[in-house]
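Each chain, letter by letter, is given below.
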Amino acid sequence: MGIVLLLILVYYLSSTLNSVLTKQILISYPRPLTVSLSQQLFSSIVSIGHYYRSTGKPLDLRRHLPRVMPIALALVTSLVAYRASLLYNAVSFAQVVKSLQPLFAAAMCVILLGERISPTRLAALLLLVSGVALASVTEVNFRFAGFFLAMLSAVAQAVQAAPVSYTHLTLPTKRIV
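A few points on the structure.

## Side note on the packing of aromatic side chains
Applying the stated criterion to the full structure yields 5 aromatic pairs. Ring centres of F93 and F142 lie 5.7 Å apart, and the angle between their planes is 85°; this geometry places the pair in the edge-to-face category. A residue pair is termed long-range when its members are at least 10 positions apart, and F93 in helix α4 (residues 91-98) and F142 in the loop between α6 (119-137) and α7 (144-170) qualify at 49 residues. Here F142 and F147 contribute two aromatic rings whose centre-to-centre distance is 5.7 Å and whose plane-to-plane angle is 50°, an arrangement assigned as tilted. The exposure class assigned to F142 is partly exposed, which follows from its relative accessible area of 37%. Put simply, the rings of F93, F142, F144 and F147 pair up and form one aromatic cluster. Looking at R31, its charged tip hangs above the ring of Y29, at a distance of 5.7 Å from the centre. The ring of Y82 has K98 sitting right over it, with the charged end atom 4.3 Å from the ring centre.

## Quick notes on helix α1 (residues 2-28)
With 27 residues, α1 extends 40 Å from end C-alpha to end C-alpha; this agrees with the ideal 39 Å at 1.5 Å per step. Within α1, the full set of buried residues consists of S19, T22, K23 and L26. In the core, the buried residues of α1 are packed alongside α2 (32-55), α3 (61-88) and α4.

## As for a nonpolar patch on the surface
Together, M1, I3, V4, L5, L6, L7, I8, L9, V10, Y11, Y12 and L13 make up a nonpolar patch on the protein surface, roughly 1,300 Å² of accessible area in all. Following the sequence through the fold, V4 ends up in helix α1. Accessibility expressed as a relative area gives 41% for V4, which makes it partly exposed.

## Observations concerning the side chain of S85
Following the sequence through the fold, S85 ends up in helix α3. For S85, the residues in contact, after removing those within four places along its chain, are A94, G146, L149 and A150.

## So, α2
With 24 residues, α2 should reach 34 Å at 1.5 Å per residue; the first-to-last C-alpha distance of 34 Å fits that figure. Taken together, the buried positions of α2 are occupied by P32, V35 and S36. Phi turns positive one or two residues past the end of α2, at G56, with a value near 80°.

The rules behind these values
- Residues numbered from 1 in each chain as written.
- Predicted model: local features only at pLDDT ≥ 70, side-chain atom pairs only at ≥ 80, totals over all residues.
- Heavy atoms only, no water.
- Phe/Tyr/Trp six-rings, centres within 6.5 Å; stacked < 30°, edge-to-face > 60°.
- Helix = DSSP H or I, 4+ residues; strand = E, 2+ residues; numbered from the N terminus.
- Buried < 20%, exposed > 50% of the residue type's maximum accessible area, 1.4 Å probe, protein only.
- Lys NZ or Arg CZ within 6 Å of the ring centre and 35° of its normal.
- Expected span 1.5 Å × (residues − 1).
- Contact = heavy atoms within 4.5 Å.
- Patch = residues over 30% accessible without salt bridge, like charges linked within 9 Å, V, L, I, M, F, W, Y side chains within 5 Å.
- Areas by Shrake-Rupley, 256 points an atom, 1.4 Å probe, with all protein chains shown as cover.
- Salt bridge = Lys/Arg side-chain N within 4 Å of Asp/Glu carboxyl O.

Keep in mind these numbers describe shape, not what the thing actually does.
Put into structure tokens, the structure is as follows:
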């Protein structure tokens, strides 16, 4: 249990550091599309290199591209919208708005997968929405463009997560011991 908490802490610290550093980059170079695509290009090159080193064969892009492209498009939309929102609002506010992603993910699972939302989950989502509404109302430097872009980022993340949820539901699972 301790290792899981440590990993969660490391994830949130690195995510916050990444957001703050990205905000600093955007202050001096206000091109969110260029910044996002540069970061993703670097990440893709490292990932393809890791795949090659671990399997010993090159990645067959023709086979994977049709399945990966919609998810990749949602990822890039999420990243660009989030970085653009940082041009208008504080990192803390953008993070609060992006915390609505579970609401949109639940909506996508209902719409795309036909899932039902339990009363407990619905209560948690309502609590989440009311918290974000409270934070939005009290935000001193609120700008609608930044709010909209952060919301677009959260919706794109939910769209990105829905096919992954579908894949987990439809693929046979192996029990890991």
